[in-house]
Amino acid sequence: MHLKAIQESIKVFKEARDVGIDLKCLDIGGGFPINYSAEEIDKEIDIYEFCAPLRFELETLPSDVIILAEPGWFLVSPC
């Protein structure tokens, strides 16, 4: 997982607040894991484990920031 983008976004949010700009929403996008190969398709991915480092970083944002995520493929690929 690429946490660098999240870490840089958090810096921007904090710097913006320091100069009076009150950002309210962070869209972290997609990229949630799915299994594409036939051998892996039945193996369940532990989304809580995958997202743990992400949650850790996002907890440093001010509590009023809305966090959006786009887990589309992760949700629909098993169907």
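The preceding data block contains the structure.
Residues numbered from 1 in each chain as written. Predicted model: local features only at pLDDT ≥ 70, side-chain atom pairs only at ≥ 80, totals over all residues. Heavy atoms only, no water.

**Q** Please clarify how the nonpolar core should be interpreted in this entry.
**A** Among the nonpolar cores identified, the biggest contains 9 residues, and these are L3, I6, I10, F13, L26, L54, L58, L61 and V65. Elements that contribute at least two residues to this core include exactly α1 (4-18) and α2 (47-58). The leading source of residues in this core is α1, at 3 residues. Not counting residues within four places of it along the chain, the set of residues in contact with L61 comprises I10, F13, L26 and I67. (Core = buried A, V, L, I, M, F, W, Y, C linked by side-chain atoms within 4.5 Å. Buried < 20%, exposed > 50% of the residue type's maximum accessible area, 1.4 Å probe, protein only. Helix = DSSP H or I, 4+ residues; strand = E, 2+ residues; numbered from the N terminus. Contact = heavy atoms within 4.5 Å.)

**Q** Teacher, can you tell me more about α2 here?
**A** An α-helical turn contains 3.6 residues, so a residue and the one three or four places further along point in the same direction. An ideal rise of 1.5 Å per residue puts 16 Å on 12 residues; α2 measures up with 16 Å between its terminal C-alpha atoms. Taken together, the buried positions of α2 are occupied by I47, C51, L54, E57 and L58. Across the axial projection of α2, the buried residues extend over an arc of 100°, all falling on one side. Away from the buried face of α2 by more than 90 degrees, exposed residues Y48, E49 and F56 are located. The N-cap of α2, judged by a side-chain oxygen 3.1 Å from the amide nitrogen of Y48 a few residues on, is D46. (Expected span 1.5 Å × (residues − 1). Arc of directions from axis to C-beta. Polar contact = N/O pair within 3.5 Å; in protein donor to acceptor, adjacent residues only side chain to side chain.)

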